[in-house]
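The primary structure of each chain is shown beneath.
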2 protein chains.
Amino acid sequence: METVHRIERALNPEKIVVVGASRDPNKFGYWILKALIEHGYKGKIYPVNPKADRILGLKCYQSVKSVDDEDFDLAIVAVPARFTSDVISELGEKDTNVAIVIASGFSEIGEEGRKLEEKLVEAARESNVRIIGPNTLGIINTHKKLVANFGRAIIARRHKKGPIAFLTQSGAFGQSLLCWAEDAGIGFSTFINTGNEADLTCSDFLEYLATDKNTKVIVMYVEGLRDARRFMNIAKSVTRIKPIIALKAGRTSSGARAAASHTGSMAGSDQIYDAAFKQCGILRVYDHEEMFDLAKALVSQPLPRGNRIGILTSSGGLGVQLADACETRGLKVPRFSESITRQLQGFLPRFAAVSNPVDMTSQVHLNPEWWGRCCSILLKSGEIDGLILGISAFTDVEISRIIIDAIGRSESSKPVLCTWVIGKAARRAMKYLEKKVPVYESPERAARVMAHLYKYSMIKGGH
Amino acid sequence: METVHRIERALNPEKIVVVGASRDPNKFGYWILKALIEHGYKGKIYPVNPKADRILGLKCYQSVKSVDDEDFDLAIVAVPARFTSDVISELGEKDTNVAIVIASGFSEIGEEGRKLEEKLVEAARESNVRIIGPNTLGIINTHKKLVANFGRAIIARRHKKGPIAFLTQSGAFGQSLLCWAEDAGIGFSTFINTGNEADLTCSDFLEYLATDKNTKVIVMYVEGLRDARRFMNIAKSVTRIKPIIALKAGRTSSGARAAASHTGSMAGSDQIYDAAFKQCGILRVYDHEEMFDLAKALVSQPLPRGNRIGILTSSGGLGVQLADACETRGLKVPRFSESITRQLQGFLPRFAAVSNPVDMTSQVHLNPEWWGRCCSILLKSGEIDGLILGISAFTDVEISRIIIDAIGRSESSKPVLCTWVIGKAARRAMKYLEKKVPVYESPERAARVMAHLYKYSMIKGGH
């Protein structure tokens, strides 16, 4: 657990040294420092730059050695690749805990870089400094207002605290994850761009995140694992506690070739990864849309106890598509009993469909309270384990309010998802509904999420 | 071709009679009339309602018989199901061309409705009136400002002229298609909600749309076909001229059950449909996202002559994902020749990836002109048939402008698609790029579209 404690300390630092801090906005060393200050980090910051007295209002040091402090919790190393191992040795003399090495030009560029990376790792071992990276944007801990990161889009954002941790081998992709999170109004606890993983790996961070009480869902972007067996052991125990969503890239031969020149990782056989993920109970997704679709449901919805799904729509066509999408993904859309259909027939029009899917028809637009009545009947019944709403209506927030009320009053512990396929015309109403119910832009996406929720429910139950 | 002419006449009417026109905003007969007037239809309108003198400023007639005109190009019948066949007979006496029957309560509700529908068809045959519907929202021809449609969301929209025709069995789903089209800034020529297809079917409309010079791409939502063999013959010849994109719902047993109670259609075996679509050269999609993703590329991009795809990104991770997505869908991501890699190495950083995918690295943010230089080199080369851009940048419109310029100057006839994965942070820049290059929110979606373009290219070439 020593590694876990060191990562925890790096993410909750009291003393940070920034080597290669700069006054030049064309240098990453400028942005790193600016990000730390502007996002409100409260601890001590020691900028190091031989040519400056002050940077961004902070006293600057000529060298690591000349800093009148030691035991740094975190160092950020913003110097070119060829200087990094010397800097690490200097940091070691000051008892530095963890250093983020942001430079590119290591194993991802081939033989020459691989040698530099070996030298860096050696320096780290000798000086007992653990390394994040190289070839990384850095890390974020929203709970400490720590943005130790030079991604321009990342610096420009206000980061919202929330239950998701992002663990990504790709920096630029990690950056876009954070932008998506902001768009979706999803907060996060931790962001770690692991980069080339010359020292600390995904497995180490995963082990830490399992212990982090601010993290409920772990979202990973991975191209290749350096320590597959250890990763599996760790992941298997993490998924007992919290879900791991993984996007594994480098699945195909051209993807693997690209991965090698990106983070220097060996992507390996996709079938092996797939089998390993399944065995560990990792939820595998295939792009970031699916990743976010699933993440927002995992943080807000209970898990279904079984795979029987109820479908409630204002559009017959949408009901057909949802039924297809559910069944294709291994969910069941059971016919309702007479007890339910009779209740529904009591107020729905004669030409409504009252088995499953329920199509209230476009008449529901004149009778929005039907949404609430139907939700209550279905959620209270013992005939389904989860509910998907299909809305094709052009409407104000009224129906969102009715649906949320009905879910609240039903006191059910069943997940409810929604697909609302009318685009921007109902944007306000969708946003309102999203307070309680995840909304997806297509029936496929809603059903895909429900299938994942069911899968994770089985994984947790099966442990 | 008589049927085609009758459909053409119905979509370009000079005289419309609206039976069941109403002053009551709770009645569809009110909205139908309002839609015709407000969207600027220029021909004659004869509202029929025994209890009103004027409706929405128009003189109203007691009955069809009392209208002092005949030879109606189009009738819109907004009376309850049980009165429709009598109305059709009256319309026949006035030599009506085509009647839209909007009422629900026919074959989609079971035995009783099926009898009503048979009666309706009989009346239509006897009186030589062709029928659209029943159970339909109606039709639209943007080129004639004809909105003969009671969908509330449809009436509320300004419809933009454009090259896509929507042919849909589901009304509510058709309504959401139009909302999506508006959001995406995509214009359309024709919208036809075929409903139960008691008389005129998808096949008839498809035959008409093949001849419509305002339609370049046909987008279909279908649950079941009543005349599969005829449909195949027609579709096969249509796809030689213009692409057909089809979303077929009712693929699974629960989906098929839902379809039966929706438009009364028999969904049939999905394998048979799948084989039939393939044989006809129809591009099958699985939800409306894929449908629009593809439609916007088909209207704006040339078809690729082969399946060799170039990938150009600012993010290594995105390059890996795009390569995976392309290869998974049968596209090739060939390594570039030394001639190309040397040109790229001439200005890209040492740690950039210069084979395929090309990863310019985040350094491109300081050198946005690299986008243009790389696009030119790749588009002019003979080594690829299409190009996908992967952008993870948080940026202004500058790079969009650079890319569009480079594509213009290259004078290539290769399709270019883009995935821009940073969400709203780059909304303006994305919108700007969309003037020329379709932009998708995930690498999966961009690659899926490119694979469809390649497929259609083979279909057209193979004819």
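Structure: above.
Residues numbered from 1 in each chain as written. Chains lettered and ligands numbered in written order. Predicted model: local features only at pLDDT ≥ 70, side-chain atom pairs only at ≥ 80, totals over all residues. Heavy atoms only, no water.

Undergrad: Lay out the overall build of chain A in plain terms, naming residues and giving numbers.
TA: A count of helices and strands for chain A gives 17 helices and 19 strands. Computed over its C-alpha atoms, the radius of gyration of chain A comes to 25 Å, within 12% of the 23 Å expected for a compact globule of 463 residues. The C-alpha extent of chain A, read off along each of the three principal axes, is 85 × 45 × 35 Å. Sequence separation of 24 or more characterises 73% of the internal contacts of chain A that already satisfy a separation of 6 or more. Of the roughly 17100 Å² of accessible surface on chain A, 48% is carried by carbon and sulfur atoms. (Helix = DSSP H or I, 4+ residues; strand = E, 2+ residues; numbered from the N terminus. Rg over C-alpha atoms; globule rule 2.2 N^0.38 Å. Contact = heavy atoms within 4.5 Å. Areas by Shrake-Rupley, 256 points an atom, 1.4 Å probe, with all protein chains shown as cover.)

Undergrad: So, the relation of the copies chain A and chain B: which residues are in play, and what are the values?
TA: At an RMSD of 0.0 Å, chain A and chain B line up after a rotation of 180° and a shift of 0.0 Å along the axis. Here the copies are linked by what is in effect a two-fold axis. Of the interface residues in chain A, 100% have counterparts in chain B that sit at the interface too, so the contact is made through matching surfaces. (Least-squares fit on C-alpha atoms with pLDDT ≥ 70 in both.)

Undergrad: I'd like a description of the sheet that holds strand S10 (residues 161-168) of chain B, backed by residues and values.
TA: Strand-to-strand pairing in sheets goes through backbone hydrogen bonds, with the strands running parallel or antiparallel. Residues and elements named next belong to chain B. Across the sheet, which stays open at both edges, the seven strands sit in the order S9-S8-S11-S10-S12-S13-S14 with mixed pairing between neighbours. Since the sheet does not close on itself, it has two edges, and those belong to strand S9 (146-149) and strand S14 (283-285), each with one partner. Averaged over neighbouring strand pairs, the angle between their axes works out to 15° when direction is ignored. With three bridges joining them, strand S8 (residues 138-141) and strand S11 (residues 188-193) adopt antiparallel strand pairing. Bridging across to S11, Asn141 finds its partner in Thr190. This element, helix H7 (residues 202-211), spans S10, S11, strand S12 (217-222) and strand S13 (244-248) of the sheet and lies at about 165° to S10. (Pairing = 2+ DSSP bridges. Axes fitted to C-alpha atoms, helices over the stretch in contact; angles between N-to-C directions.)

Undergrad: Lay out the pattern of salt bridges in plain terms, naming residues and giving numbers.
TA: Side chains bearing opposite charge may pair, as long as their charged atoms lie close to each other. Scanning all chains against the criterion turns up 52 salt bridges over all chains. Glu444 of chain B is paired through a salt bridge with Arg251 of chain A; the nearest N and O atoms lie 3.6 Å apart. Here the residue Glu444 of chain B occupies a position in helix H17 (residues 443-462), and Arg251 of chain A occupies one in the loop between strand S13 (244-248) and helix H9 (253-260), the pair thus bridging two chains. What makes Glu444 of chain B buried here is its relative accessible area of 14%. Arg251 of chain A sits in the buried class, given a relative accessible area of 18%. The salt bridge involving Asp204 of chain B is made with Arg230 of chain B; its shortest N-O contact spans 2.5 Å. Linking Asp204 of chain B in helix H7 with Arg230 of chain B in helix H8 (residues 228-241), this pair joins segments that are 26 residues apart in sequence. (Salt bridge = Lys/Arg side-chain N within 4 Å of Asp/Glu carboxyl O. Buried < 20%, exposed > 50% of the residue type's maximum accessible area, 1.4 Å probe, protein only.)

Undergrad: Break down the environment of Ile388 of chain A for me, with residues and values.
TA: Within the element layout of this structure, Ile388 of chain A appears in strand S17 (residues 386-391). Sequence-distant contacts of Ile388 of chain A, defined by excluding residues within four places in its chain, comprise Ile309, Gly310, Ile311, Leu312, Leu322, Cys326, Leu417, Ala446, Ala447 and Met450 of chain A.

Undergrad: Lay out the interface of chain A and chain B with the relevant residues and their values.
TA: Facing 74 residues of chain A, the contacting portion of chain B comprises 74 residues. Where chain A meets chain B, there are 30 residue pairs in polar contact (both at pLDDT 80 or more). Those elements that place two or more of their residues in the side of chain A that touches chain B are helix H5 (152-156), helix H6 (171-183), S13, H9, helix H11 (288-300), helix H12 (316-328) and helix H17 (443-462) of chain A. (Polar contact = N/O pair within 3.5 Å; in protein donor to acceptor, adjacent residues only side chain to side chain.)

Undergrad: Before we move on, could you go through the side chain of Asp287 of chain B and cite the residues and values that matter?
TA: Checked against the element boundaries, Asp287 of chain B lands in the loop between S14 and helix H11 (288-300). No salt bridge is formed by the buried Asp287 of chain B; its nearest oppositely charged neighbour, Arg448 of chain B, is found at 4.9 Å. Separated by 3.0 Å, the side chain of Asp287 of chain B and the backbone nitrogen of Glu289 of chain B make a polar contact. With sequence-adjacent residues up to four places away left out, Asp287 of chain B is seen in contact with Ser442 and Glu444 of chain A together with Leu247 of chain B. (Lys, Arg positive; Asp, Glu negative; His and termini not counted.)

Undergrad: Kindly report on the sheet that holds strand S16 (residues 358-359) of chain A, identifying the contributing residues and their values.
TA: Residues and elements named next belong to chain A. With respect to topology, five strands assemble into an open sheet ordered S16-S15-S17-S18-S19, the strand pairing being parallel. Edge positions in the open sheet fall to S16 and strand S19 (439-440), since each of these has one partner strand only. Here strand S15 (residues 309-313) pairs with S17 via five bridges, running parallel. Of the residues in S17, the one forming a bridge with Gly310 is Leu387. Contacting S15, S16, S17 and strand S18 (416-420), H12 runs over the sheet at an angle of about 160° to S15. Lying over the sheet, helix H14 (residues 369-380) contacts S15, S17 and S18, oriented at roughly 160° with respect to S17.

Undergrad: Before we move on, can you summarise the side chain of Ser22 of chain A with the specific residues and values?
TA: All names here are of chain A. In this structure, Ser22 sits in the loop between strand S1 (15-19) and helix H2 (28-38). A distance of 2.9 Å separates a polar side-chain atom of Ser22 from the backbone nitrogen of Asp24. If we ignore the near neighbours within four places in the chain, the residues touching Ser22 are Lys27, Gly29, Tyr30, Asn49 and Ile55.

Undergrad: Mind laying out the pairing of strand S6 (residues 98-101) of chain A, listing which residues take part and the relevant values?
TA: Residues and elements named next belong to chain A. Alternating residues of S6 divide into Val98 and Ile100 and Ala99 and Val101, and every residue in both groups is buried. Pairing analysis gives three bridges linking S6 to strand S7 (residues 130-132), with the strands arranged parallel. Its bridge partner being in S7, Ala99 is matched across the sheet by Ile131. Assessed by its sense of winding, the connection that carries the chain from S6 through helix H4 (residues 111-127) to S7 is right-handed. (Right-handed = clockwise from strand over helix to strand, strands pointing away.)

Undergrad: Outline helix H1 (residues 2-11) of chain B, supporting the account with residue identities and numerical values.
TA: Regarding H1 of chain B, the residues found buried are Thr3, Val4, Arg6, Ile7, Ala10 and Leu11 of chain B. One side of H1 of chain B carries all its buried residues, which in axial view fall inside an arc of 165°. (Arc of directions from axis to C-beta.)

Undergrad: Tell me what's going on with the pairing of S13 of chain B, and back it up with residues and numbers.
TA: Residues and elements named next belong to chain B. Taken across its five residues, S13 has five buried, putting it largely inside the fold. The side-chain alternation of S13 yields two buried faces, one formed by Ile244, Ala246 and Lys248 and the other by Ile245 and Leu247. Of the pairings in the sheet, the one linking S12 to S13 comprises five bridges and is parallel in character. Bridge pairing in S13 links Val219 to Ile245. Where the polypeptide runs from S12 across H8 and back to S13, its parallel neighbour, the crossover connection is right-handed. In terms of strand pairing, S13 meets S14 through three bridges, oriented parallel. Directly across from Ile245, in S14, lies its bridge partner Leu283.

Undergrad: Give a description of the environment of Arg445 of chain B that names residues and reports values.
TA: For Arg445 of chain B, the location among the structural elements is in helix H17. Residues Arg445 of chain B and Asp293 of chain B, spaced 152 residues apart in sequence, show a C-alpha to C-alpha distance of 7.3 Å. Apart from residues lying up to four places away in sequence, Arg445 of chain B is in contact with Glu289 and Arg445 of chain A together with Glu289, Asp293 and Tyr440 of chain B.

Undergrad: How would you summarise helix H12 (residues 316-328) of chain B if you had to cite specific residues and measurements?
TA: Residue and element names in this part refer to chain B. Taking 1.5 Å per residue, 13 residues should reach 18 Å; H12 reaches 18 Å between its end C-alpha atoms and fits that length. The element H12 is extensively covered by neighbouring structure, given that eleven of its 13 residues are classed as buried. Three or more residues of H12 are buried, namely Gly316, Gly317, Leu318, Gly319, Val320, Gln321, Leu322, Ala323, Asp324, Ala325 and Cys326. Two residues or fewer after H12 comes Gly330, characterised by a positive phi angle close to 85°. (Expected span 1.5 Å × (residues − 1).)

Undergrad: Report on the packing of H1 of chain B against H7 of chain B, specifying residues and quantitative values.
TA: Residues and elements named next belong to chain B. Taken N-terminus to C-terminus, the directions of H1 and H7 make an angle of 75°; their axes are 9 Å apart at the nearest point. When the interaxial angle is binned, H1 and H7 end up roughly perpendicular. Contacts from Thr3, Val4, Ile7, Glu8 and Leu11 of H1 reach H7 at Asp204, Phe205, Glu207, Tyr208 and Thr211. In the contact of H1 with H7, the residues fall into five nonpolar, two polar and three charged. (Parallel < 35°, antiparallel > 145°, perpendicular 65-115°, else oblique. Nonpolar A, V, L, I, M, F, W, Y, C, P; charged D, E, K, R; others polar.)

Undergrad: Describe the packing of aromatic side chains, listing the residues and the values that go with them.
TA: Summed over the entire model, instances satisfying the criterion amount to 20 aromatic pairs over all chains. Measuring from centroid to centroid gives 4.9 Å for Phe173 of chain A and Tyr221 of chain A, while their planes differ by 40°, and the two rings are tilted. Residue Phe173 of chain A is found in helix H6, and its partner Tyr221 of chain A is found in strand S12 (residues 217-222); the two are separated by 48 residues along the sequence. For the pair shown, Phe173 of chain A and Tyr221 of chain A are each scored as buried. Here a set of aromatic residues connected by ring pairs shows up, and it is made of Phe166, Trp180, Phe188 and Phe292 of chain A. For the cation-ring pair, Arg401 of chain B lies above Tyr432 of chain B, with the distance from its terminal atom to the ring centre recorded as 5.4 Å. (Phe/Tyr/Trp six-rings, centres within 6.5 Å; stacked < 30°, edge-to-face > 60°. Lys NZ or Arg CZ within 6 Å of the ring centre and 35° of its normal.)

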